Amino acid sequence: MAQIRVENLRKEFSGFTAVQNSSFIVEDGDFFVMLGPSGCGKTTTLRMIAGLELPTSGRILLGGEDVTMKRARERDIAFVFQLFALYPHMNVRKNIGFPLLAQGTPRSEIRARVDEVAKLLRIDHILEKPVSGLAGGDRQRVALGRAIVRRPMCFLMDEPLGTLDAEFRDLMVHELRELHNRIGATTVYVTHDQLEAMSMADKIAVMNHGIIEQFGSPREIYDRPRTMYVADFMGSPPMNFLNFHSGLARGSESVSVRGADIVVPRINEDRAPADLALGIRPEHIRLDDGAKLRGEVLGAEYLGTTQIVVVETGEGRLKARIPASDHVTVGENVGLALNSPHLSLFDKSTGRAIETALYEGGAHG
Ligand code: ATP
């Protein structure tokens, strides 16, 4: 297994830049997820790592070796596609063993390695069955088995669960992560689904228009988004934003945003931009009769243990995730308290997070 190092990777397709100067390191044994909406450059990045697409510029190193100019088959990687084409006329055993047969591996070794992989994937009971009659989850396991059996340096997966129904998806997310824990192979996984990313990844890169907006652990990305884009892309509902002018924040940790006292992280004064957005996740807002920030309840979405309440305040519309047991009625005027250690500040003109006293001091929880 190996580290993957990507340096200033760029890809242009006849003048259109699909990937712009990406740099990141996937540490040996990490499960790394590239996350972003359709067209943001995830697959193109993955295809360059695989050797299926040549970069316009930049370098790719696998296990310390520069493979930028090497063909796919000269790189020791396994690629699991979304619609992995299994050989329909072969049984499960032959499908899994095929890459080894193609490499000229002796038959006895192929048999032993296929048995081992099938056990790992818990499909040893269907080894002799034809793949044509298999359900989606089992087909995907066979596809994974075919990738694992070669013991490559790393795995590349492009939306491998995209075609499965929701129930199988949840199961496979769990299985993939468990499998990763067992074999510890460096993995690059592409998805547009934030829940898949959050539940599987050691590290996530959130991409937008060919740019990596943020690279970090799921917790860093969710709790400390570096851009408004990431704050908005992650979370359901996403982070709320309240607009205000930085003059209000200077020299103080407590500001009055048009009458509502909100304690904000103190900004480094020489860097304080004029127009700011205060970001707060729905779960860090609670109902508080005494709060000065008030608004009218527009609606409530009951979710079982919690509910999402939409409140129109003078500062903008906020969504709060509150206990389902809290009683709210549409049209009611409620007070909202924001959990200050969980506030983020953004420069509205650039969309970037601002370093604050609390943030730099690590006081945010
Ligand atoms: P999706 O999940 O829809 O595949 P993605 O994030 O993986 O999205 P890419 O497939 O990497 O995005 O595509 C990034 C951009 O590059 C898109 O605008 C796409 O149209 C463009 N693109 C990809 N491949 C080519 C190509 N061979 N020729 C021209 N443009 C391309």
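Model, not experiment: these values are computed from the prediction.

When its secondary structure is counted, the protein shows 9 helices and 20 strands. Counting all 365 residues of the protein, 51% fall into the buried class. A sequence separation of at least 24 residues applies to 65% of the contacts in the protein between residues at least 6 apart. Surface exposure of the protein reaches about 16900 Å², of which carbon and sulfur atoms provide 49%.

Turning next to the layout of surface pockets. As a volume, the second largest pocket reaches approximately 260 Å³. In terms of residue count, the dominant contributor to the lining of the second largest pocket is helix α2 (residues 92-102) (5 residues).

Relative to the helices and strands, Asn 91 resides in the loop between β6 (77-80) and α2. A polar side-chain atom of Asn 91 sits 3.3 Å from the main-chain amide nitrogen of Arg 93. A polar contact is formed between the side chain of Asn 91 and the backbone nitrogen of Lys 94, at a distance of 2.8 Å. Those residues in contact with Asn 91 that sit more than four places away from it in its chain are Leu 127, Glu 128, Lys 129, Pro 130 and Val 131.

With the exception of glycine, the majority of residues adopt a negative phi angle, and the majority of peptide bonds are in the trans configuration. Following Ser 236, the chain continues to Pro 237 via a peptide bond in cis, the omega torsion being -5°. Within the element layout of this structure, Pro 237 appears in the loop between α8 (228-233) and β11 (240-245). Residues other than glycine seldom take positive phi values, yet Ser 14 does so here, at roughly 35°. As for its placement among the helices and strands, Ser 14 is situated in the loop between β1 (4-13) and β2 (16-26). Ser 14 sits in the exposed class, given a relative accessible area of 83%. We note that His 209 has phi near 50°; this positive angle belongs to a residue other than glycine. Residue classification places His 209 among the exposed residues on the basis of a relative accessible area of 63%.

As enumerated under the stated definition, the model contains 20 salt bridges in all. With its nearest N and O atoms 2.6 Å apart, the salt bridge here joins Arg 141 to Asp 138. Taken together, the positions of Arg 141 and Asp 138, both in helix α4 (residues 136-148) and 3 residues apart, correspond to about one turn of that helix. When salt bridges that share partners are traced, they join Arg 5, Glu 7, Arg 59 and Asp 66 into one network.

Lining the immediate surroundings of the ligand are Phe 13, Phe 16, Ala 18, Pro 37, Ser 38, Gly 39, Cys 40, Gly 41, Lys 42, Thr 43 and Thr 44. Thr 43 places a side-chain nitrogen or oxygen 2.7 Å from an oxygen atom of the ligand. Coverage of the ligand by the protein amounts to 57% of the 630 Å² it exposes when considered alone. Looking at the shell around the ligand, the elements that each hand over two or more residues are β2 and α1 (42-50). Tallying contributions element by element places α1 first for the shell around the ligand, with 3 residues. When its residues are assigned to classes, the shell around the ligand shows 5 nonpolar, 5 polar and 1 charged.

Pairs of packed helices are described in terms of their axes, by the angle between the two and the distance that separates them. Packing of α2 against helix α3 (residues 107-120) brings their axes to within 9 Å, and their N-to-C directions diverge by 130°. Compared by their axis directions, α2 and α3 come out oblique. With respect to the hand of their crossing, α2 and α3 are arranged in right-handed fashion. For the pair α2 and α3, contact is made by Arg 93, Ile 96, Gly 97, Leu 100 and Leu 101 and by Arg 107, Ile 110, Arg 111, Arg 113, Val 114, Asp 115 and Val 117, respectively. Its residues assigned to classes, the contact of α2 with α3 comprises 6 nonpolar, 1 polar and 5 charged.

Within the largest apolar cluster, 45 residues are counted, with the highest numbers of intra-cluster contacts made by Val 92 and Ile 96. Among the elements that take part in this core, α4 stands out by supplying 5 residues, more than any other. Counting residues domain by domain, this core receives three or more from each of domain 1 (4-223) and domain 2 (228-359). Not counting chain neighbours up to four residues away, the residues in contact with Val 92 comprise Ile 123, Ile 126, Leu 127, Lys 129, Val 131, Leu 134 and Val 142. Formed by 24 residues, the second largest nonpolar core is a distinct cluster that contains Val 26, Phe 32, Phe 79 and Val 188.

Parameters and conventions
- Residues numbered from 1 in each chain as written.
- Predicted model: local features only at pLDDT ≥ 70, side-chain atom pairs only at ≥ 80, totals over all residues.
- Heavy atoms only, no water.
- Helix = DSSP H or I, 4+ residues; strand = E, 2+ residues; numbered from the N terminus.
- Buried < 20%, exposed > 50% of the residue type's maximum accessible area, 1.4 Å probe, protein only.
- Contact = heavy atoms within 4.5 Å.
- Areas by Shrake-Rupley, 256 points an atom, 1.4 Å probe, with all protein chains shown as cover.
- 1 Å grid on protein atoms, 1.4 Å probe; cavity = no way out; pocket = protein on both sides within 12 Å on 5 of 7 lines; lining within 4 Å.
- Points joined across faces, edges and corners; volume = space filled by probe spheres on them.
- Polar contact = N/O pair within 3.5 Å; in protein donor to acceptor, adjacent residues only side chain to side chain.
- Salt bridge = Lys/Arg side-chain N within 4 Å of Asp/Glu carboxyl O.
- Near = heavy atom within 4 Å.
- Nonpolar A, V, L, I, M, F, W, Y, C, P; charged D, E, K, R; others polar.
- Axes fitted to C-alpha atoms, helices over the stretch in contact; angles between N-to-C directions.
- Parallel < 35°, antiparallel > 145°, perpendicular 65-115°, else oblique.
- Left-handed = near helix turned anticlockwise from the far one by under 90°.
- Core = buried A, V, L, I, M, F, W, Y, C linked by side-chain atoms within 4.5 Å.
- Domains from an automatic or database assignment.

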